[in-house]
Every structure is written in C-alpha cells, then in structure tokens.
Amino acid sequence: MKDVDREFVRNPESLLKGKAPAAKLQALVRVSLRLQQGEFVFLTGPSGAGKSTLIRLILGLDQPSGGEIFTMGHAVHKLNETRRRELRRQIGIIFQDHRLLSTLNVYENVELPLHFAGLGAKERQRRVMEILEVVQMRDHAGESIRSLSAGEKQRVGIARSLVTCPSLIVADEPTGNLDPVTARSLIRMLRELKGHGTTVLIATHDMSLVRDFGGRVLELIGGSVPTQTEGMRNGSAYKVPRFWTGADNPNSGVDL
Amino acid sequence: MMRPFSAFMTLLAIAFSLSLLGGFWTVVENLEKVRIAGISSLPGEGLPGLTVFVDPKLNKAELETFKSELLTNPRFTSASVVPADEALDSLKSQFGETLSKAFEESSLPTALKLQFASGTLSRTEFLNLLNDLRSKPGVLDVDEGLGAFSPKENAVSERVFSWATGLLLLVFVVVALLVSHLIRLAFEAIRGEIETLKILGASRTRIFAPLFLEGLIFGITGGLVAIFFVSIFFSYLVPNARLFMLPAQFEMATLSLNASISLAGLGILASVAGALLTWPLVDQPAQEL
C-alpha cells in the first residue's frame with residue numbers, strides 16, 4: 001500500500017442539489033505500509049481512525065481517492081468487480097458480527113467458500129469437518145445458526161474464513177463479541193498460522209490483546225500510521241487444521 | 001435463500017394477486033357468455049340457438065344429410081328443420097295475412113334451428129362457428145339473433161365488453177408489476193446475506209442463480225395456487241351461493257384453460273422479471289463490511 005488517501009464526502013446530497021460545497025472527511029492520509037508473507041499484524045486505533053476503511057481498501061471493497069494498493073500481488077485499485085471478487089476468494093475474512101447465513105446450518109456456512117473455489121464434494125466435506133473439529137464445532141455441524149451462542153457463531157465464522165487455506169487473513173474486530181478466554185484462544189490460533197506462511201491482519205481496539213500477543217502493531221491515528229511496535233507471544237489450545245499443513249498425516253497437526 | 005415465513009407471505013401475496021386477476025378474467029368471460037347467450041337466442045327461447053337458412057332447392061334427403069353433418073359438431077345438441085311453408089305460417093301468425101303477402105312461398109328459404117349444448121363459448125369461438133356455418137355449401141345465411149337487440153343495446157353491450165377487456169389488460173399489467181416487485185422486495189430483505197456472499201467472493205452467477213430459481217418457484221407455485229383458488233371459487237362457491245343471481249339455466253363459466261395458462265404464464269413472467277430486478281443488488285460492488 002503506497003500513499004493511499006481515502007476521502008469521503010460528508011453530505012453527498014448537497015452536491016446533487018447544487019447547494020453549498022459538501023464537507024469532506026479525510027479517512028486515510030497518505031498511508032503507506034507493507035505486510036510480509038507470514039506476518040502477524042495488529043491494526044489498532046480509536047474508533048473512526050480508519051481501520052475499517054483500510055481493511056475495505058485491502059479487500060477491494062472500496063476505491064482509494066489516491067495511491068496504490070497491492071493485495072497478494074494484485075493492483076486492487078485497478079481491478080474490476082469480477083477480479084476483485086476472485087481475489088477475495090483467496091482471502092480469509094473474519095467479521096466482528098460473524099456474518100453467517102441464517103438460512104444455512106453450520107456445515108453449509110463453512111462449506112460456502114469451498115463452493116466458490118470450485119472444490120469437489122468429497123474434498124469439501126473433508127475440509128469442513130476438519131476445520132469444525134479445529135474450532136471445536138464438529139458436534140454442531142448440522143445445527144441451525146440461530147441456535148448458537150455468540151462465541152460459537154464467531155468460531156463458525158473463523159472456520160469459514162480458514163477453510164480455503166488462504167494466504168492472507170483479514171479480521172475486522174474478530175473478538176468483539178467473544179469472552180476473553182475464547183478471544184485469546186482464537187487469536188493464538190490465528191497467530192500460529194503465520195508458521196505456515198499465512199499473513200494475518202487483525203483490526204482491533206482491544207489493547208489487552210495487542211499487549212498479550214506477538215507481532216507487528218500498526219496504530220492508525222487520524223487516518224495515518226505514525227507508529228509501529230512489536231507485541232508479545234503466547235500459546236493456544238487450538239490446532240491448525242491438517243489440510244493447512246499440506247498433508248493428511250494425523251501427526252502433522254501443530255499444537256498451538 | 002429466503003426465510004420460511006417471508007417466503008410463505010410472499011407466496012400468499014403472489015397467489016392472491018394472481019387469484020384476483022383470474023377471478024376478474026372469469027367474470028369477463030361470463031359477461032361475454034351472457035352477451036353471446038343474449039345475441040344468439042331469440043326472445044322467449046330458454047337456451048341460446050342459431051337459425052341456419054339453407055337453399056330451398058335441397059331435397060329432403062340432402063337436408064337430412066346436412067343436418068346430420070351439423071350435429072357431428074359437439075357444440076349443438078339438436079337441429080330441427082323448419083320447411084318454407086311452416087316459416088310462412090309462422091310469419092302470418094306474427095305479422096298478419098296482409099304483411100305476409102309480401103313474401104312468396106317459393107322465396108322463403110328452408111330453416112334449420114340449432115340448439116347449443118350447455119357449456120362455455122368464447123366470443124372468438126362463437127364468431128368462428130358462425131363463419132364456419134356460413135361457408136358451408138347450401139347455406140344462404142345464419143341468423144345469430146343480433147336483430148333481437150336494438151343497435152343501442154348492441155352498442156352498450158359492445159362498450160361494456162370493451163371496457164371489461166381493457167380493465168382486464170390493466171389488471172394484468174398491475175398484477176405483473178405487483179408480483180415482480182413483491183419478489184424484488186422479498187430479496188431486498190436478504191440484502192445483508194447477499195452482501196456477505198459478495199464480500200466472500202461469490203460470483204454474480206452464483207448469487208443470482210438461486211435467487212432466479214427461487215423467484216421462478218414463487219411464480220409457478222403462486223400461479224398454481226391461484227388457479228386452484230379461482231377454480232374452486234367459480235365452480236363451487238359462486239354457483240352454490242348464487243352470488244350473481246343468475247337464472248338457474250345459465251351455466252357459469254369457470255376458469256378456462258386459456259385463462260389458466262395465461263395465469264401460470266404471467267406468474268412465471270412476473271417472477272422472472274422480479275428476479276431480474278434484483279440484478280443490480282447482485283451486480284453492484286459490496287457496500288458493507
């Protein structure tokens with residue numbers, strides 16, 4: 001990401017009506033940053049600092065007002081909508097509100113990205129069951145999303161983001177609805193993925209998480225990134241799925 | 001995929017809209033049936049009928065053959081020959097001796113009185129039947145009874161039917177728009193889920209195909225339910241309740257095959273249109289995160 005600006009018009013209706021010039025909001029100001037493959041990065045900052053805007057730009061959900069954005073080698077700012085959707089299929093996205101489809105059950109929700117990726121039924125089943133095992137939701141595979149607690153929903157959401165073995169995971173406030181113990185366990189699991197070459201970017205305003213875990217910390221203040229620090233490390237109770245390590249060897253699961 | 005309650009309510013609304021159209025269509029068909037019954041029967045006769053004037057040169061055997069040929073048409077139940085002399089006697093009894101002298105016995109054609117079988121006859125079918133009869137060899141003319149009504153009555157009848165047909169077309173368009181927008185609104189309710197699919201990278205086709213299929217199922221099911229409702233209403237409820245206070249001998253037309261096909265077709269077309277209206281929702285870039 002190089003010299004990225006993102007400017008919003010506060011009152012776009014006034015432009016249409018030809019009234020007084022609309023006020024502009026500078027969400028990001030000449031932001032430049034580079035994430036290395038396998039890096040574990042926290043993106044922090046107060047509400048309104050531009051965290052979500054930055055994530056939207058990385059995912060190709062928004063267009064910068066200026067500058068260049070490269071995600072996994074693709075110039076996102078130049079891609080059309082079809083190519084952007086193709087790119088997002090290769091990224092694991094974790095939402096604060098999990099964004100699960102309530103008309104599908106746990107299994108079907110996790111299976112969705114594999115459908116988009118065009119995987120066969122057997123492979124889909126294998127991966128879904130394994131990732132559900134990892135997030136300790138295998139017993140809930142056939143259950144409706146409505147019957148799950150907030151923490152369980154978030155675990156399903158995380159399973160959905162990991163099931164395609166993405167090389168980049170982007171999480172926007174993933175622990176917002178979780179209790180501290182579950183939140184820490186899941187962050188630990190995400191952190192350990194970097195050992196398999198996966199880049200993880202987590203936007204959060206929970207500074208206790210940032211303090212407790214290792215990795216680079218990017219702090220957004222007023223739409224720019226003035227500071228970068230290093231966090232601490234910890235262990236996790238979850239295992240990285242076997243298909244992630246590229247082998248079906250039962251011993252290849254890594255204790256986290 | 002839509003939630004069950006939302007899907008049920010949408011389906012009910014579609015079926016109700018199409019039922020209204022089907023009901024109105026059937027009322028218009030019955031109106032036409034009443035009109036045809038009126039113009040095709042002479043006053044005083046119970047059932048509608050036609051009078052066919054045939055060439056007086058036909059002998060009795062030829063006349064019988066012609067009569068048998070006409071009765072092969074299931075539209076008619078009976079045909080009775082009125083010879084020229086009987087016709088003259090009838091004229092004398094109606095208009096008196098003096099006036100009837102204007103007709104010479106030899107100038108009067110032989111007449112065949114045809115009685116319609118009970119059932120529905122559309123305006124087009126009725127006019128086709130008249131043309132068919134008039135084109136048969138030996139037929140001089142067919143009296144469809146239009147003379148029984150004054151030109152003013154005919155004009156009023158024509159106008160009522162034209163207005164009813166116009167209104168039917170209007171209702172058709174309104175129902176088509178209503179159904180298509182109902183489907184679009186139903187999909188608007190799952191906008192959040194569509195946005196999620198877009199963020200996760202689902203292609204347009206992958207999002208649109210199930211929406212399209214679901215819309216199509218709504219249209220087909222809604223059409224079938226509407227056909228069922230209207231058929232039940234006109235074949236059982238209306239005759240038993242005598243809602244329109246029609247004479248006992250008038251057999252009410254129920255939803256015709258044409259109307260049923262049109263209703264189902266409209267359901268499908270409107271649902272396809274409704275599904276297509278959701279395309280911008282699928283096509284535009286994801287708005288939320």
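In case you missed it, the structure is sitting above this.
Visitor: Run through the overall build of chain A, naming residues and quoting values.
Guide: Scanning chain A for helices and strands turns up eight helices and eleven strands. Looking at chain A as a whole, 55% of its 256 residues are labelled buried. Long-range pairs, those at least 24 residues apart, make up 66% of the contacts in chain A with a sequence separation of at least 6. Accessible surface, chain A as shown: approximately 11,300 Å² in total, 48% of it carbon and sulfur.

Visitor: Could you give me a rundown of the overall build of chain B, with the residues and numbers involved?
Guide: The helix and strand inventory of chain B stands at ten helices and four strands. For chain B, the N- to C-terminal ordering of α and β elements is α-β-α-β-α-α-β-α-β-α-α-α-α-α. Among the 289 residues that make up chain B, the fraction classed as buried is 39%. Long-range pairs, those at least 24 residues apart, make up 83% of the contacts in chain B between residues at least 6 apart in sequence. Carbon and sulfur atoms make up 67% of the accessible area of chain B, which totals about 15,500 Å².

Visitor: Could you give me a rundown of the interface of chain A and chain B, with the residues and numbers involved?
Guide: Facing 22 residues of chain A, the contacting portion of chain B comprises 25 residues. The three residues of chain A that bury the most area against chain B are Arg-85, Arg-99 and Phe-116 of chain A, which together make up 31% of that side's buried surface. The interface formed by chain A and chain B contains zero salt bridges. Where chain A packs against chain B, one counts ten residue pairs in polar contact (both at pLDDT 80 or more). Mapped by element, the contributors of at least two residues to the side of chain A that touches chain B are α2 (51–58), α3 (81–89) and α4 (106–117) of chain A. Each residue belonging to the side of chain A that touches chain B can be placed in one class, and the counts come to eight nonpolar, five polar and nine charged.

Visitor: Can you tell me about the pairing of strand β8 (residues 168–172) of chain A, naming the residues and giving the values?
Guide: All names here are of chain A. Of all five residues in β8, five are buried; the element is thus mostly enclosed. Covered by surrounding structure in β8 are Leu-168, Val-170 and Asp-172 together with Ile-169 and Ala-171, the residues of both alternating faces. In terms of strand pairing, strand β7 (residues 91–94) meets β8 through four bridges, oriented parallel. Within β8, the residue paired with Ile-94 across the bridge is Ala-171.

Visitor: Residues and numbers for the nonpolar core, please.
Guide: Counting 64 residues, the largest nonpolar core has Met-1, Leu-43 and Leu-54 of chain A together with Leu-18 of chain B as the members making the most contacts within it. The element best represented in this core is helix α8 (residues 204–241) of chain B, accounting for eight residues. If you look at the next biggest cluster of nonpolar residues, it comprises 38 residues, including Ile-94, Met-129, Ile-131 and Ile-169 of chain A.

Visitor: Can you tell me about empty space enclosed by the protein, naming the residues and giving the values?
Guide: Under the definition given, this model contains two cavities of 30 Å³ or more. Approximately 60 Å³ is the volume attributed to the second largest cavity. If you trace the second largest cavity, you find it lined by Arg-88, Arg-89, Ile-91, Gly-92, Ile-93, Pro-113, Arg-160, Ser-161 and Thr-164 of chain A together with Leu-200 of chain B. Mapped onto the lining of the second largest cavity, the elements with two or more residues apiece are α3, β7 and α6 (150–162) of chain A. Element by element, the count of residues in the lining of the second largest cavity is highest for β7 of chain A, at three residues. Partitioned by chemical class, the residues of the lining of the second largest cavity number four nonpolar, three polar and three charged.

Visitor: Pulling in residues and values, what's your account of helix α5 (residues 121–134) of chain A?
Guide: Residue and element names in this part refer to chain A. Taking 1.5 Å of rise per residue, 14 residues should cover 20 Å, and α5 covers 20 Å from first to last C-alpha, within 8% of that figure. Looking at α5, one finds that the buried residues are Arg-124, Arg-127, Val-128, Met-129, Glu-130, Ile-131, Leu-132 and Val-134. Buried residues belonging to α5 abut α4, α6 and α7 (180–192). Where α5 terminates, the next one or two residues include Gln-136, which has phi positive at roughly 60 degrees.

Visitor: Outline unusual backbone geometry, listing residues and values.
Guide: All names here are of chain A. Backbone geometry places Met-72, a non-glycine residue, at a positive phi of 50 degrees. In this structure, Met-72 sits in the loop between β5 (70–71) and β6 (74–75). Phi at Glu-173 is positive, roughly 50 degrees, even though this residue is not glycine. Mapping Glu-173 onto the fold places it in the loop between β8 and α7.

Visitor: Can you explain a nonpolar patch on the surface? Please cite residues and give values.
Guide: A contiguous nonpolar patch, built from Phe-228, Phe-229, Ile-232, Phe-233, Tyr-236 and Leu-237 of chain B and spanning about 600 Å² of accessible area, is present on the exposed surface. Mapped onto the fold, Tyr-236 of chain B is located in helix α8.

Visitor: Any chance you could break down the sheet that holds strand β4 (residues 66–68) of chain A for me, citing the residues and the numbers?
Guide: All names here are of chain A. On the basis of which strands lie adjacent, the open sheet formed by three strands has the order β2-β1-β4 and antiparallel pairing. Each edge of the sheet is formed by a strand with only one pairing partner; in this case those strands are β2 (24–31) and β4. With strand direction ignored, the average angle separating the axes of adjacent strands in the sheet is 20 degrees. Across two bridges, the pairing between strand β1 (residues 2–9) and β4 is antiparallel. Looking at β4, one finds that Lys-2 is bridged to Glu-68. Across the sheet, α2 is in contact with β1 and β2; its angle to β2 comes to roughly 65 degrees.

Visitor: Account for the packing of α4 of chain A against α6 of chain A, with residues named and values stated.
Guide: Residue and element names in this part refer to chain A. Viewed as axis vectors pointing N to C, α4 and α6 meet at an angle of 30 degrees, and their least axial separation amounts to 7 Å. When the interaxial angle is binned, α4 and α6 end up roughly parallel. Seen along the crossing, α4 lies across α6 with a hand that is right-handed. On the side of α4, the interface is formed by Val-106, Asn-109, Val-110 and Pro-113, while α6 contributes Val-156, Ala-159 and Arg-160.

About the cut-offs
- Residues numbered from 1 in each chain as written.
- Chains lettered and ligands numbered in written order.
- Predicted model: local features only at pLDDT ≥ 70, side-chain atom pairs only at ≥ 80, totals over all residues.
- Heavy atoms only, no water.
- Helix = DSSP H or I, 4+ residues; strand = E, 2+ residues; numbered from the N terminus.
- Buried < 20%, exposed > 50% of the residue type's maximum accessible area, 1.4 Å probe, protein only.
- Contact = heavy atoms within 4.5 Å.
- Areas by Shrake-Rupley, 256 points an atom, 1.4 Å probe, with all protein chains shown as cover.
- Buried area = accessible area lost by both parts, 1.4 Å probe.
- Salt bridge = Lys/Arg side-chain N within 4 Å of Asp/Glu carboxyl O.
- Polar contact = N/O pair within 3.5 Å; in protein donor to acceptor, adjacent residues only side chain to side chain.
- Nonpolar A, V, L, I, M, F, W, Y, C, P; charged D, E, K, R; others polar.
- Pairing = 2+ DSSP bridges.
- Core = buried A, V, L, I, M, F, W, Y, C linked by side-chain atoms within 4.5 Å.
- 1 Å grid on protein atoms, 1.4 Å probe; cavity = no way out; pocket = protein on both sides within 12 Å on 5 of 7 lines; lining within 4 Å.
- Points joined across faces, edges and corners; volume = space filled by probe spheres on them.
- Expected span 1.5 Å × (residues − 1).
- Patch = residues over 30% accessible without salt bridge, like charges linked within 9 Å, V, L, I, M, F, W, Y side chains within 5 Å.
- Axes fitted to C-alpha atoms, helices over the stretch in contact; angles between N-to-C directions.
- Parallel < 35°, antiparallel > 145°, perpendicular 65-115°, else oblique.
- Left-handed = near helix turned anticlockwise from the far one by under 90°.

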